[in-house]
Amino acid sequence: MKSVLIPALAIGALVSTVLLVMEQLTDYSIVVMAWEMPGISAAYLFWGAVRSSVFLGVAITWAVNAIVYGAPAFVVLTVVKLAIRGSPK
């Protein structure tokens, strides 16, 4: 389980990082913001809890998006691992 979870979270973190960078490169266009929605929603939800800190808001956005985008990678990696394990040698 751990051998699949860590790469999946790393993939999710990479996707989240790319989306955060693309947001700034595209001058905060609406199309990119749609992909950032899970993390942005969580940051707005916890905005008061982190005392309106921009750094913590971005950290929350990045972490939530890493988990959200890592979930499909986890499923794919698990299926591939099971397929490899079940294939005849």
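In this report, we go over the structure that sits alongside the text. Quick caveat, the model's predicted, so the values are computed rather than measured.

### Some points on the overall build of the protein
1) Next: Looking only at helices and strands, one finds four helices and zero strands in the protein.
2) Next: In sequence order, the secondary structure elements of the protein are arranged as α-α-α-α.
3) Next: A sequence separation of at least 24 residues applies to 64% of the contacts in the protein between residues at least 6 apart.
4) Next: Within the structure as shown, the protein displays about 6,300 Å² of accessible surface, and the carbon and sulfur contribution to it stands at 78%.

### So, a nonpolar patch on the surface
1) Next: Judged by side-chain polarity, Leu5, Leu9 and Ile67 come together as a nonpolar surface patch covering roughly 260 Å² of accessible area.
2) Next: Relative to the helices and strands, Leu9 is located in helix H1 (residues 2-25).
3) Next: For Leu9, a relative accessible area of 38% puts it in the partly exposed group.

### Notes on helix H4 (residues 54-86)
1) Next: Here H4 is 33 residues long and its end C-alpha atoms lie 47 Å apart, about the 48 Å a rise of 1.5 Å per residue gives.
2) Next: Along H4, the sharpest kink reaches roughly 30 degrees, centred on Gly70 and followed within four residues by the proline Pro72.
3) Next: Burial in H4 covers these residues: Gly57, Ile60, Thr61, Asn65, Ala66, Tyr69, Gly70 and Ala73.

### Describing the environment of Lys81
1) Next: Within the fold, Lys81 resides in helix H4.
2) Next: The partly exposed category is assigned to Lys81, whose relative accessible area is 30%.
3) Next: As for Lys81 and Val4, which are separated by 77 residues in sequence, their C-alpha atoms are 8.3 Å apart.
4) Next: Not counting residues up to four positions away in its chain, the partners in contact with Lys81 are Ser3 and Val4.

### Brief notes about the environment of Pro7
1) Next: Counting through the fold element by element, Pro7 comes out in helix H1.
2) Next: On a C-alpha basis, the gap between Pro7 and Leu77 in space is 8.5 Å, while along the polypeptide they are 70 residues apart.
3) Next: Not counting the four nearest positions on each side in its chain, Pro7 is found in contact with Lys2 and Leu77.

Basis of the calculations
Residues numbered from 1 in each chain as written. Predicted model: local features only at pLDDT ≥ 70, side-chain atom pairs only at ≥ 80, totals over all residues. Heavy atoms only, no water. Helix = DSSP H or I, 4+ residues; strand = E, 2+ residues; numbered from the N terminus. Contact = heavy atoms within 4.5 Å. Areas by Shrake-Rupley, 256 points an atom, 1.4 Å probe, with all protein chains shown as cover. Patch = residues over 30% accessible without salt bridge, like charges linked within 9 Å, V, L, I, M, F, W, Y side chains within 5 Å. Salt bridge = Lys/Arg side-chain N within 4 Å of Asp/Glu carboxyl O. Buried < 20%, exposed > 50% of the residue type's maximum accessible area, 1.4 Å probe, protein only. Expected span 1.5 Å × (residues − 1). Bend = angle between axes of the 7 residues up to and from the residue.

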